[in-house]
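# Structure assessment
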Amino acid sequence: MRTTARLLTGTALTVAAIGALGSPAAFAGDSESLEVYPSSASPGTTITVNTLACGKNGRGVGDAQSLGAGDFHLNPSTHKEVVVGQFTVPEHAKPGTYWISVACDNGRTARGELVVKHKDRPSGHVRTGVGGSVGPDTTQIAAGAAVLAAAAVGGTWLLRRRASGAQDG
């Protein structure tokens, strides 16, 4: 009975905490969600944003100045009540997270995040020089195989010895 009471109390407190933390965001003003696609991009990538904040046949001006892309326009799209706009991530943009915002003609606003990542990330094997990466050394391969074989034989011998009961007292 005590466990059930604790479970119900914990659940109720969790629900109350989530409700208390979630409600201020719902009443934070007229700011709505701005969809940013792709949400993670490299310099030179064209970004498309859209929102429902501007309403049917609405228009707006986007602000991507935080990453150096300047302002861009949002216009009605083919989807009902959605406005859409585009901008390009500047080549000089530094990696990090940037807020993109939109101010609609109807007075509403929307915000979304864009993560800028490095454009040229290394891929594949790292070429570090000659070292041990020149090619396979047959002596080292043979020595490693011998150690593994000895470990397997020794382990098998110990297991069989224990199973037969031939242990020293």
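Residues numbered from 1 in each chain as written. Predicted model: local features only at pLDDT ≥ 70, side-chain atom pairs only at ≥ 80, totals over all residues. Heavy atoms only, no water.

### Quick word on the pairing of strand β9 (residues 109-116)
For a regular strand, the rule is simple: side chains alternate between the two faces of the sheet. Here β9 shows one buried face, formed by Ala110, Gly112, Leu114 and Val116, and one open face, formed by Thr109, Arg111, Glu113 and Val115. Examined bridge by bridge, strand β3 (residues 40-41) and β9 share 2 bridges and lie parallel to one another. Looking at β9, one finds that Ser40 is bridged to Val115. The sheet contact formed by strand β8 (residues 96-104) and β9 spans 8 bridges and is antiparallel. Directly across from Trp99, in β9, lies its bridge partner Glu113. In this structure, the hairpin formed by β8 and β9 is closed by a connection of 4 residues, where Gly107 is found at a positive phi of approximately 95°. (Buried < 20%, exposed > 50% of the residue type's maximum accessible area, 1.4 Å probe, protein only. Helix = DSSP H or I, 4+ residues; strand = E, 2+ residues; numbered from the N terminus. Pairing = 2+ DSSP bridges.)

### Quick word on helix α2 (residues 138-164)
Taking 1.5 Å of rise per residue, 27 residues should cover 39 Å, and α2 covers 39 Å from first to last C-alpha, within 8% of that figure. In terms of burial, α2 is a largely surface element, 0 of the 27 residues being buried. Positioned one or two residues after α2, Gly165 has a phi angle of 85°, which is positive. (Expected span 1.5 Å × (residues − 1).)

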